[in-house]
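Below, each chain spelled out in residue letters.
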Amino acid sequence: MEKEILRKSLMLKNDEENGSVQIADDVVAMIASLAASEIQGVEVPAGNITNELMSKVGVNKLTKGVKVDMAEGKVQIHIAITVAYGLNIPATCHKVQKKVKATVENMTGLECTDVNVRIVAVHNL
């Protein structure tokens, strides 16, 4: 799969017969946000949402708290989360890292080199 950097997007495939496929960094951020929110006791700043609400909530809200750096065909993700009180924070962050990395790589085919997690709050969720 050919990969090259384009303005805030990454070229996944460039085929003269069928055209090109690009993925925007906001899409990668949305995937990371949704993957992290699937971990029990974890919320991303936009909160847990269903697919029905995705169409009503803008991309900016879904990607709030997630920063994506794409360079040379590789992706780094920086994500801020809220953790439920009483959970083991290191273990929970490790679950978030594994889930986000696996989901981004499976859905996009991109290599995710880092998933940096920042705890912004602890709440009774």
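Caption draft 1: Expanded view of a nonpolar patch on the surface. On the surface, Tyr85, Ile89, Ile119 and Val122 cluster together to form a nonpolar patch covering roughly 370 Å² of accessible area. Note on placement: isoleucine 119 falls in strand 7 (residues 111–123). Since its relative accessible area comes to 31%, isoleucine 119 is described here as partly exposed.

Caption draft 2: Summary view of the pattern of salt bridges. All chains considered together, the criterion is met by four salt bridges. In this structure, lysine 67 and aspartate 69 form a salt bridge, with 2.9 Å as the shortest nitrogen-oxygen distance. According to the relative accessible area criterion, lysine 67 is partly exposed, its value standing at 47%. Its relative accessible area of 27% is what places aspartate 69 among the partly exposed residues.

Caption draft 3: Up close: the pairing of strand 7. Summarising the sheet, strand 6 (residues 74–84) and strand 7 pair through 11 bridges and their orientation is parallel. Counterpart to isoleucine 79 in the pairing with strand 7 is valine 117. Regarding topology, helix 4 (residues 89–108) serves as the crossover connection from strand 6 to the parallel strand 7, and that connection is right-handed.

Caption draft 4: Focus on helix 1 (residues 25–37). With 13 residues, helix 1 extends 18 Å between its outermost C-alpha atoms, agreeing within 8% with the 18 Å of an ideal straight helix rising 1.5 Å per residue. The buried fraction of helix 1 is high, at 10 of 13 residues. Asp25, Val28, Ala29, Met30, Ile31, Ala32, Ser33, Ala35, Ala36 and Ser37 are the residues of helix 1 that are buried.

Caption draft 5: The packing of helix 1 against helix 4, seen in detail. Running from N to C, helix 1 and helix 4 cross one another at 135°; their axes reach a closest spacing of 9 Å. Classified by the angle their axes make, helix 1 and helix 4 are oblique. Judged by the twist between their axes, the crossing of helix 1 over helix 4 is right-handed. When helix 1 is examined against helix 4, the residues Val28, Ile31, Ala32, Ala35 and Ala36 are found in contact with a partner set consisting of Val96, Lys99, Val100, Thr103, Val104, Met107 and Thr108. For the contact of helix 1 with helix 4, the residue count by class is nine nonpolar, two polar and one charged.

About the criteria used
- Residues numbered from 1 in each chain as written.
- Predicted model: local features only at pLDDT ≥ 70, side-chain atom pairs only at ≥ 80, totals over all residues.
- Heavy atoms only, no water.
- Patch = residues over 30% accessible without salt bridge, like charges linked within 9 Å, V, L, I, M, F, W, Y side chains within 5 Å.
- Areas by Shrake-Rupley, 256 points an atom, 1.4 Å probe, with all protein chains shown as cover.
- Salt bridge = Lys/Arg side-chain N within 4 Å of Asp/Glu carboxyl O.
- Helix = DSSP H or I, 4+ residues; strand = E, 2+ residues; numbered from the N terminus.
- Buried < 20%, exposed > 50% of the residue type's maximum accessible area, 1.4 Å probe, protein only.
- Pairing = 2+ DSSP bridges.
- Right-handed = clockwise from strand over helix to strand, strands pointing away.
- Expected span 1.5 Å × (residues − 1).
- Axes fitted to C-alpha atoms, helices over the stretch in contact; angles between N-to-C directions.
- Parallel < 35°, antiparallel > 145°, perpendicular 65-115°, else oblique.
- Left-handed = near helix turned anticlockwise from the far one by under 90°.
- Contact = heavy atoms within 4.5 Å.
- Nonpolar A, V, L, I, M, F, W, Y, C, P; charged D, E, K, R; others polar.

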